[in-house]
Each structure stands twice: as structure tokens, then as C-alpha cells.
Amino acid sequence: MSPFLLFISLATCFISFHSQVGGATSIGINYGLLGDNLPSPDRCVSLLKSRNVNRVRIFDPNQDVLTALANAGGMEVVLGTLNSDLEQLASNPSYAAQWVSAHVVPFRARLKFRYITAGNEVIPGPLAHLVLDAIKNLDSALKSAQITDVPVSTAISFASIGKSFPPSAGEFSDESKPYVAPVVEFLAANGYPLLANVYPYFAYKSDPTNIDREYALGNSAAGGGGKRVADGNLEYLGLFDAMVDTMYAAAEKVKGEAVKVVVSETGWPSAGADVATVDNARAYVNNVAAKARSGGGTPRRQGSEIETYLFALFNEDLKAQGEEQNFGLYRPDLTEVYKVDLN
């Protein structure tokens, strides 16, 4: 029985919370802009600063957001491209150079660019064949602009995985492998990470009979009992770790033994479905945050921090009705949906 099923793609833009405990920089939170009542970028940055946040990830180069972040000082950005720009980025090196000149160079002095991501959740899919060339052209454009310390990658969903249980058997699907394998090889050759969106919520929602809720929430790892899963001599106390290690195993099978997996999205909605409750969301997100803060890694990658971006900063009313509108830690009026310990 596989506890991992296909997951719903969540294409949006993000901002990352950062907990500065012991110098750790592993916790983030996604900040979407798909709402008609969201605070201005300046107010969002003030919220981030009030929470000792210094990392930001946005899905597209929104100039107002970039300007607000640059003005704040001391911020780090994971900057994404629009999926609709992939064709030009892949086919036209000059367009990639213009993209870097417009969206990276002007902010470079006041804003640290952590990663550039070419597309979000396009492997597998009709744009998958564009990702590698887009990454290469952006990488060349950055280096031509004398920017040599900004990795270029892409964010993939768990739908790219064909085999997921046990985690050590993790393997990309036949549909994904022709496109993700050369991307992983490029990342490995350059020391760049692979970004992956990991959602135990969708796995549990799809198969609550066979997937233990406490295991999905991570309560086993938090000492709350629940199912434990053995994989050889490794033991998994939560589905989050198992999914991350599945991604590591899949990358290893396509020459990505040295590639770091960054969890670019993970979260649990607080409303909109039977298993989407405030209590479940609070438990899952706090368990993942504690896991990231600990720096203990996963069973397969022990002692290696899990750089994790929680989803999401705000509830967003322009998304599809139901759970999609309820992943936020905050409401648009800046009140908390539930408390998350980032420290």
C-alpha cells in the first residue's frame, strides 16, 4: 500500500518566514497574492519583520513586492518566474538576460537572492520540456551579469513521483523522468538544490482509511503516538519525512545523490474540507516547523537541515472555494488563524 497519492497543484507566489534561532534559516512560509483584500506589500513586510522574518519567496517578479523587500533591508528572496514565461526563457537567451536585468540586477545591492526558480509544478505537464533550457539560460544570464552565487532551479510537485513506498524505493514517474532527470543532473553538477512541494494533507484526505491521521500530522514524531513505518533499518514517524526521503531516493536514481531537496511548499488547510480543521492545521504546521528548527534532518539524510517553506501566509479569497482558500496562517486583516511557533 502506498501512502502517497497525486496531489493538487498549487501555483501561486510565496513569501518565506525565517526563524533566527541559533542562526538557523530553515523555516519559511508561502505568501500568495491571490486575494482582493490582502495587505499592501509594505504592510506585509512590516508583518514579516515583526516576526523576525528575513526570507521571502515570490512566484513571479512583482516589482512592488521586490521594492518593499529591498527597502526593508536584510531580506532574502527566492524569486520565481511565471510559468507562462518559460517558453521565451527556454528558447531565447536574450530574453533570459533581459529578465535578469529587469528583476534581479536593480535589487541586487539591497536584496539577497537565495534561488531563482524556473517554473512551479510544471513537471509533469505540457511545459516540462522547457524547464532545463530555461534553467540553463537563466544561469548563464546571471553569470554574465557577474552574479555567481544565486542557484537556479525549479519547483516540482509530488505528482512527479511514480513510486513512493517505501521511501527508499522512491522513483520519478515514466512521464516525469525524461524531463526531471536532466534537470537533476544539471543541479548536481552545479551544486544547486531541487525544490519540491510536499503535502501529506492531500495524501491523508485521499485515503484516510489506509493512512493514519497522526502519522500524516506528524504527531508520532512529536511524541503523540500513532503509526510508525519501517523502511529497512530506517523508521519513519511522520509522512512529511517519508515524502521528503522519497524525493531524495528518486533524485539519487537519476544521478542526484548530492542534490539537496528544499521543501518549497507544505501546509494544512484550516477549513474547507472534513479533515481541514484549525486543530489539524495547527498540529501539522507546528510539527513541521519544529522538525525544521531541530536541524535533525530526515531518516535518510540525518543531520541535514530541511529547508522548509510553510504554505501559506494569508487565506486568499480569489482561489477556488473550499480548502484552497484556507491555507493561511493569517487572515487578510493580519489576525492569526492559529499560532505557529517559529522560534
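Because the structure is predicted, anything quoted here is derived from the model rather than measured.

A few words on the overall build of the protein chain. Each helix and strand counted, the protein chain has ten helices and twelve strands in total. Against the globule reference of 20 Å for 343 residues, the protein chain gives a C-alpha radius of gyration of 19 Å, in line with a compact fold. Seen through its principal axes, the protein chain has C-alpha atoms that stretch 55 × 45 × 40 Å. For the protein chain, buried positions account for 59% of its 343 residues. Taking all contacts inside the protein chain whose residues are at least 6 apart in sequence as the whole, residues at least 24 apart take part in 70%. Carbon and sulfur atoms provide 48% of the accessible area of the protein chain, an area that totals close to 12,700 Å². Computed over 28 positive and 36 negative side-chain charges, the inter-centroid distance for the protein chain is 6 Å.

This part is about helix α5 (residues 131-144). Between the first and last C-alpha of α5 there are 20 Å, a value that for 14 residues agrees with the 20 Å anticipated at 1.5 Å per step. Listed in full, the buried residues belonging to α5 are Val131, Leu132, Ala134, Ile135, Asn137, Leu138, Asp139, Ala141 and Leu142. On its buried face, α5 sits against α3 (86-91), α4 (93-103), β4 (111-120), β5 (152-157) and α6 (177-190). Trailing α5 by a residue or two, Gln146 shows a phi angle of about 65 degrees, which is positive.

This paragraph deals with the packing of aromatic side chains. For the coordinates displayed, the defined rule picks out eleven aromatic pairs. Judged by centre distance (5.4 Å) and plane angle (80 degrees), the rings of Phe311 and Phe327 are edge-to-face. Taken together, the residues span a long stretch of sequence, with Phe311 in strand β12 (residues 308-311) and Phe327 in the segment after β12 at a distance of 16 residues. Each member of the pair, Phe311 together with Phe327, is buried. Ring-pair connections join several aromatic residues into one group, and the members of that group are Tyr199, Tyr201, Phe202, Tyr204, Trp268, Tyr284, Phe311 and Phe327.

In the contact formed by α5 and α6, the axes pass within 9 Å of each other and the chain directions differ by 25 degrees. Taken as axis vectors, α5 and α6 run roughly parallel relative to one another. Note that α5 runs across α6; the crossing there is left-handed. Touching Val131, Leu132, Ile135, Lys136, Asp139 and Lys143 of α5 are Pro182, Val183, Phe186 and Asn190, all from α6. For the contact of α5 with α6, the per-class residue count stands at six nonpolar, one polar and three charged.

Procedures and definitions
Residues numbered from 1 in each chain as written. Predicted model: local features only at pLDDT ≥ 70, side-chain atom pairs only at ≥ 80, totals over all residues. Heavy atoms only, no water. Helix = DSSP H or I, 4+ residues; strand = E, 2+ residues; numbered from the N terminus. Rg over C-alpha atoms; globule rule 2.2 N^0.38 Å. Buried < 20%, exposed > 50% of the residue type's maximum accessible area, 1.4 Å probe, protein only. Contact = heavy atoms within 4.5 Å. Areas by Shrake-Rupley, 256 points an atom, 1.4 Å probe, with all protein chains shown as cover. Lys, Arg positive; Asp, Glu negative; His and termini not counted. Charge placed at Lys NZ, Arg CZ, Asp CG, Glu CD. Expected span 1.5 Å × (residues − 1). Phe/Tyr/Trp six-rings, centres within 6.5 Å; stacked < 30°, edge-to-face > 60°. Axes fitted to C-alpha atoms, helices over the stretch in contact; angles between N-to-C directions. Parallel < 35°, antiparallel > 145°, perpendicular 65-115°, else oblique. Left-handed = near helix turned anticlockwise from the far one by under 90°. Nonpolar A, V, L, I, M, F, W, Y, C, P; charged D, E, K, R; others polar.

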